[in-house]
Amino acid sequence: MVGAACALYTARAGLDVILVDRGPVAGGTTGAGEGNILVSDKEPGPELDLALLSGRLWGELAREFGAAVEYEAKGGVVVASSPDGLAALERFAEEQRAAGVVAEPVADDALYDLEAHLAPGLPGGVHYPQDCQVMPALAAAHLARASGTRLFTGRTVTDVLRTPDGAVRGVRTDKGDIHTPAIVNAAGTWGGELAALAGVRLPVLPRRGFVLVTEPLPRLVRHKVYAADYVADVASDSAALQTSPVVEGTAAGPILIGASRERVGFDRTFSLPVVRALAAGATRLFPFLADVHAMRAYLGFRPYLPDHLPAIGPDPRVPGLYHACGHEGAGIGLATGTGHLIARALTAKTPDLDPTPFRPDRFAEEAV
Amino acid sequence: MTDLAVIGAGPAGLAAALAAAARGVRVAIVDSATEAGGQFYRQPASGLRSRRPQALHHQWRTWERLRDGLAGSGARFAVQFLTEHHVWSVERDSDGFTVHALLGPEQRESVAVRADAVLLATGGYERVLPFPGWTLPGVVTAGGAQAMLKGGLVVPGRTAVVAGTGPLLLPVATGLAAAGVEVAALVEAAGPKDLVRHGRALVGKLPEGAGYAARLLRHRVRLLSRHTVVRAHGDDRLTGVTVAALDTRGRVRPGTERYLPCDTLAVGHGMLPHTDLAETLGCRLDGLTVAVDDEQRTDVPGVWAAGESTGIGGAALALAEGHIAGRSIAARLRGSEPDPAQWASAAKARTRLRKSAAALDAAYPPPAHWSDQVTDDTLVCRCEEVTAGAVREAVDELGAGDVRTVKLLTRAGMGWCQGRVCGPAVAGLAGCELTPSRRPFARPVPLGVLARQHDMATEKGTS
Ligand SMILES: Cc1cc2nc3c(=O)[nH]c(=O)nc-3n(C[C@H](O)[C@H](O)[C@H](O)COP(=O)(O)OP(=O)(O)OC[C@H]3O[C@@H](n4cnc5c(N)ncnc54)[C@H](O)[C@@H]3O)c2cc1C
Ligand SMILES: Cc1cc2nc3c(=O)[nH]c(=O)nc-3n(C[C@H](O)[C@H](O)[C@H](O)COP(=O)(O)OP(=O)(O)OC[C@H]3O[C@@H](n4cnc5c(N)ncnc54)[C@H](O)[C@@H]3O)c2cc1C
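Nothing here was measured: the structure is a model prediction, and the numbers come from that model.

Rules used throughout
- Residues numbered from 1 in each chain as written.
- Chains lettered and ligands numbered in written order.
- Predicted model: local features only at pLDDT ≥ 70, side-chain atom pairs only at ≥ 80, totals over all residues.
- Heavy atoms only, no water.
- Helix = DSSP H or I, 4+ residues; strand = E, 2+ residues; numbered from the N terminus.
- Rg over C-alpha atoms; globule rule 2.2 N^0.38 Å.
- Contact = heavy atoms within 4.5 Å.
- Domains from an automatic or database assignment.
- Buried area = accessible area lost by both parts, 1.4 Å probe.
- Axes fitted to C-alpha atoms, helices over the stretch in contact; angles between N-to-C directions.
- Parallel < 35°, antiparallel > 145°, perpendicular 65-115°, else oblique.
- Left-handed = near helix turned anticlockwise from the far one by under 90°.
- Nonpolar A, V, L, I, M, F, W, Y, C, P; charged D, E, K, R; others polar.
- Pairing = 2+ DSSP bridges.
- Buried < 20%, exposed > 50% of the residue type's maximum accessible area, 1.4 Å probe, protein only.
- Right-handed = clockwise from strand over helix to strand, strands pointing away.
- Expected span 1.5 Å × (residues − 1).
- Near = heavy atom within 4 Å.
- Polar contact = N/O pair within 3.5 Å; in protein donor to acceptor, adjacent residues only side chain to side chain.
- Areas by Shrake-Rupley, 256 points an atom, 1.4 Å probe, with all protein chains shown as cover.
- Lys, Arg positive; Asp, Glu negative; His and termini not counted.
- Salt bridge = Lys/Arg side-chain N within 4 Å of Asp/Glu carboxyl O.
- Core = buried A, V, L, I, M, F, W, Y, C linked by side-chain atoms within 4.5 Å.

Draft legend 1. Up close: the overall build of chain A. Of regular secondary structure, chain A possesses 9 helices and 18 strands. In terms of overall dimensions, chain A is globule-like: its C-alpha atoms have a radius of gyration of 20 Å, near the 21 Å expected for 368 residues. Overall, chain A is about 70 × 45 × 40 Å in size when its C-alpha atoms are taken along their principal axes. Long-range pairs, those at least 24 residues apart, make up 74% of the contacts in chain A with a sequence separation of at least 6.

What follows is the structure, given as structure tokens:
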């Protein structure tokens, strides 16, 4: 997704771009996650700023791609399970409002106007009209196509070619060299490996997530609905399994239930306990789901960096090398803002947002 | 407590259960069907008691021997038959396996069968390749027609065409004819030379091979070899098909099209193994089949596999593999090294039958250019109503390169059947190889079932 967005924004900035992937389009984490474009789960700070910019850019792209990428400005509803939880959630929303987020408190009754099938007896929540969603694989494919760039799928980058003074002059692939003065590393969870080919360290690591998919249903869940603990899980630094439920309907009918978070490396083994926990959380929010069938489950590996912020921009250690990876559980949403920042950096223009917090060399001095 | 859970009550599962039970193993056989028998020994539904079921079955005596053996004579523990148990997952933990199965036709409640060892004998499913009109009522799979026959549901007096490729078409055609259906033609994509060249293998596999040819003649079933169905016709149901000759490279020969009126078309393009449960258990697959060693063991300790899930090869091969698996399991569960000499004759049969299965596979490939006939408006994925045109667009314009990305970009394979029907067609249209897709749930499972299991586990954990 991030590579496709970078291709679109850089091509539209007038550059001649080639998009290379060792797999097909959306064959990485983009084809193994969900497509929420969220502000609701982000605390004030650089990631929220990037999310607000990205949400605005997605809105612009939606005018062009709308239905093809299943864009839906559906809004999010975060639900508290206890009065204490509600108070904490409202404090959080207060801070987000100060940072420019639209966050409307919803008292108990109004909650059921927004989502009629929620479990009875919930104290209330917060409504986030800016939350929206796309279908990630379609979004990546359509953005890549619309960029008009040459797309080389099934081609693996095996080395980064450099001039004697260390600047980038191209990439070596298993199907020949490609000469270019600039490379954007949008290799997601494998971004660290690509950086290593250029001789620099970027500590991108995988954080596994499962998603449960139900049989197709008529629209019974209208927003993206999740429990307030989700925000804590997203921001958490823990390696242990976390499974706060996130429930959302899709344009195609199935309901998606996400998303677990755990650090187990690249372990692809299916885990029944994880999907059971997801099902338990989802049926607690929406009791009607108990009779609905899970059709399948899939897993993906979110690319994360130690401070949970992506690496975006030029790498001062290797002239011509740019990074756009490490977006963890928000790479679909943040792809547009990332594409914008990369295009501005490549054309030496001032971006709409200060990119300093995303500096790729910010981990350089840390001990390995 | 059960020592061995056998999943699938076809020839492989039954032979294994019999061999293991005879050696003191406590066996539970789990199958989704209402009665034991699998694909081959499929039983007429009890309500429709067929007077002479053996007329439809070859090797009826083998079946009787299996059935009577399992009914208890000799074994120390009676084999437990759990029918209408739809296995959705097999879970492995530190002290054995839990087989999770949904009960009955409703499939709302799940039960757990604990066992020390598991045999995967889940058989295969049919490969059907699409063509214009294939979704019309009246078009059925060859296996579906066979099941209707064996279930006593075939209505005589109809006109049928049997088409596709593979040795399974022969018994379907003669079976329909014997049941009083007029079979207008058996349309086989393989050429007569291929059939002759592999004739010995064919006879080896189906001892009745020669008999089938005679029976086709007797029932005046016309064999159109190196032919294919290019279109099925009808408004709201099938009224006829257009068939055409193929050239030696598998392309339709222009000008050879002709129309055959019929109200039933049974199509099949061979079988594919069921590998979902094995995949989720982490067993190594070899292409599209579950990989096993000489004892039918998978690479996951405690998990054996036999029958069509390890490769398509017919009922006799399934019996041989099941027998070997049952003996190996009996020895290993006792903690002793099995002696292969004890199953030497089954092993010999297995070697011979696998060889002829490979020859048959080579003789009956789907026509090389079948996808040329598939028009853009032909539905490929029926569950999600995805057309061939949409699949082609995903590949040609959106950068899809494999079945998984086509699925993501078009939804082909995301529906109720989870791509079991359309997978081969999508791979063919996309020009890529069919790879086993991951299906963590072998059957759709209610979220409430998963949620209750979570709550039970956490209660146990905190008490
Ligand atoms: C369960 C789950 C749920 C999620 N839900 C959401 C959500 O709701 N909203 C959201 O915004 N995000 C979500 N995410 C996160 C999101 O999926 C990722 O952040 C995003 O897909 C990352 O995109 P990417 O383009 O950086 O990486 P990828 O999509 O992984 O792309 C990287 C590409 O680089 C290619 N590549 C790697 N190495 C090489 C090489 N040497 N040569 C050539 N090509 C190479 C790979 O083949 C791959 O295609 C979720 C993730 C998971 C796992
Ligand atoms: C139309 C047709 C005609 C044939 N004609 C011949 C012939 O003439 N000669 C010949 O040798 N062979 C023939 N065969 C092939 C023969 O039927 C198979 O080779 C044989 O049945 C394979 O045995 P098996 O035990 O491996 O699997 P099967 O007989 O397929 O048994 C598998 C069993 O597993 C069960 N099962 C699968 N998944 C699950 C699950 N998740 N939960 C619970 N239960 C499950 C199924 O209900 C089934 O009962 C024919 C097949 C077909 C389709």
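Draft legend 2. Structural context of the domain arrangement of chain A. Residues and elements named next belong to chain A. One can read the domain layout of chain A as domain 1 (2–68 + 135–204 + 307–362) and domain 2 (205–304). With centres defined by C-alpha atoms, the gap from domain 1 to domain 2 works out at 26 Å. Each side of the interface is counted separately: domain 1 has 18 residues, and domain 2 has 25 residues. Buried area between domain 1 and domain 2, both sides added, is near 1700 Å², and the carbon and sulfur share of it is 54%. The largest per-residue losses of area from domain 1 upon contact with domain 2 belong to Glu34, His308 and Glu328, which jointly make up 34% of the total buried on that side.

Draft legend 3. The arrangement of the packing of helix H11 (residues 388–396) of chain B against helix H13 (residues 423–430) of chain B in detail. All names here are of chain B. Relative to each other, H11 and H13 sit at 50 degrees, their axes nearing to 9 Å. By the angle between their axes, H11 is oblique relative to H13. Between H11 and H13 lies a crossing of right-handed hand. Counting all contacts with H11, which are made through Ala388, Val391, Arg392 and Val395, the residues of H13 involved are Val426, Leu429 and Ala430. Classifying every residue of the contact of H11 with H13 by side-chain character gives 6 nonpolar, no polar and 1 charged.

Draft legend 4. Molecular detail of the sheet that holds strand S11 (residues 223–225) of chain B. Residues and elements named next belong to chain B. The sheet built from 5 strands is open, its strands ordered S8-S15-S9-S10-S11 with parallel pairing. The sheet terminates laterally at strand S8 (139–141) and S11, the two strands that pair on one side only. The average angle at which neighbouring strand axes cross in this sheet is 20 degrees, direction not considered. Pairing geometry for strand S9 (residues 159–165) and strand S10 (residues 182–188), over 6 bridges, is parallel. For Val161, the partnering residue across the bridge sits in S10 and is Ala185. The sheet strands contacting helix H3 (residues 142–150) are S8 and strand S15 (264–269), and the helix crosses S8 at an angle near 85 degrees.

Draft legend 5. Structural context of the pairing of S9 of chain B. Residue and element names in this part refer to chain B. Burial analysis of S9 places 7 of its 7 residues in the buried class, which makes it a mostly covered element. Of the two faces of S9, both are covered, the one formed by Thr159, Val161, Ala163 and Thr165 as well as the one formed by Ala160, Val162 and Gly164. Chirality of the crossover, the property in question, places the unit of S9, helix H4 (residues 169–178) and S10 among those that are right-handed.

Draft legend 6. Helix H9 (residues 315–333) of chain B, seen in detail. Residue and element names in this part refer to chain B. The end-to-end C-alpha separation of H9 is 26 Å, in line with the 27 Å expected for 19 residues at 1.5 Å each. Most of H9 is tucked away: 15 of the 19 residues are buried. A positive backbone phi angle near 85 degrees is found at Gly335, which sits one or two residues after H9.

Draft legend 7. Structural detail: the site of ligand 1. Residue and element names in this part refer to chain A. Taken together, the neighbourhood of ligand 1 is formed by 32 residues, with Asp21, Thr29, Thr30, Asn36 and Glu328 sitting nearest. In this structure, a nitrogen atom belonging to ligand 1 sits 3.0 Å away from a main-chain N or O atom of Gly329. Between an oxygen atom of ligand 1 and a main-chain N or O atom of Ile332, the distance comes to 2.9 Å. For ligand 1, the accessible surface in isolation is 1000 Å², of which the surrounding protein chains cover 94%. Elements that contribute at least two residues to the shell around ligand 1 include exactly strand S12 (205–216) and strand S16 (293–304).

Draft legend 8. View of the sheet that holds strand S18 (residues 321–325) of chain A. All names here are of chain A. The strand order across the open sheet built from 3 strands is S11-S18-S17, with neighbouring strands paired in mixed fashion. Looking at strand neighbours, the two that pair on one side only are strand S11 (183–185) and strand S17 (311–314), the edges of this open sheet. Pairwise comparison of adjacent strand axes, ignoring direction, gives a mean angle of 25 degrees for this sheet. Relative to S18, S17 runs antiparallel, the two being bridged by 4 bridges.

Draft legend 9. The arrangement of the side chain of Asp31 of chain B in detail. All names here are of chain B. With respect to the secondary-structure elements, Asp31 resides in the loop between strand S2 (27–30) and helix H2 (60–70). The charged side chain of Asp31 is buried without a salt bridge, its nearest counter-charge being Arg443 at 6.9 Å. Of the polar contacts made by the side chain of Asp31, one reaches the backbone nitrogen of Ala33; its length is 2.8 Å. Beyond its immediate sequence surroundings of up to four residues, Asp31 is in contact with Gly8, Ala9, Gly10, Leu82, Thr83, Glu84 and His85.

Draft legend 10. Local environment of the pattern of salt bridges. All names here are of chain A. Summed over the entire model, instances satisfying the criterion amount to 35 salt bridges over all chains. For Arg150, the salt bridge is made with Asp16, and the minimal N-O distance between the two is 3.5 Å. Of the two residues, Arg150 is situated in strand S7 (residues 150–152) and Asp16 in the loop between helix H1 (2–12) and strand S1 (18–20); the sequence distance between them amounts to 134 residues. Classification of Arg150 by relative accessible area gives partly exposed; the value is 43%. The exposed category is assigned to Asp16, whose relative accessible area is 68%.

Draft legend 11. How the structure looks around the site of ligand 2. Residues and elements named next belong to chain B. Around ligand 2 sit 31 residues in total, of which Ala12, Asp31, Gln39, Glu308 and Gly314 are the nearest. Within the backbone of Ala12, a nitrogen or oxygen atom sits 2.9 Å from an oxygen atom of ligand 2. Within the backbone of Ala315, an N or O atom sits 3.0 Å from an oxygen atom of ligand 2. Notes on ligand 2: free accessible area 1000 Å², of which the protein chains cover 94%.

Draft legend 12. Representation of unusual backbone geometry. Residue and element names in this part refer to chain A. Omega for the peptide link from Gly258 to Ala259 comes to -25 degrees, which places this bond in the cis form. Position of Ala259 among the secondary structure elements: in the loop between strand S15 (254–258) and helix H8 (272–285). Residues other than glycine seldom take positive phi values, yet Glu70 does so here, at roughly 55 degrees. Tracing the sequence through the fold places Glu70 in the loop between helix H2 (46–65) and strand S3 (76–80). The phi angle at Ala348 is positive, at roughly 55 degrees, despite the residue not being glycine. When you line up the elements, Ala348 lands in the segment after helix H9 (335–346).

Draft legend 13. Region of interest: the nonpolar core. Counting residues in each nonpolar core, the largest one holds 84 residues, and the members touching the most others are Met1, Trp58, Tyr128 and Leu143 of chain A together with Leu409 and Val426 of chain B. Counting residues per element, this core draws most heavily on H2 of chain A, which supplies 9 residues. In contact with Val426 of chain B, not counting residues within four places along its chain, are Val380, Val391, Val403, Val406 and Ala412 of chain B. Counting 39 residues, the second largest nonpolar core, distinct from the first, contains Ile255, Val274 and Val292 of chain A together with Phe441 of chain B.

Draft legend 14. Local environment of the side chain of Thr173 of chain A. Residues and elements named next belong to chain A. Relative to the helices and strands, Thr173 is located in strand S9 (residues 168–173). For Thr173, a relative accessible area of 6% translates into the label buried. Polar contacts involving the side chain of Thr173 include one to the main-chain amide nitrogen of Lys175, which spans 3.0 Å. For Thr173, the contacting residues outside a window of four places in its chain are Arg155, Thr156, Val157, Thr158 and Ile178.

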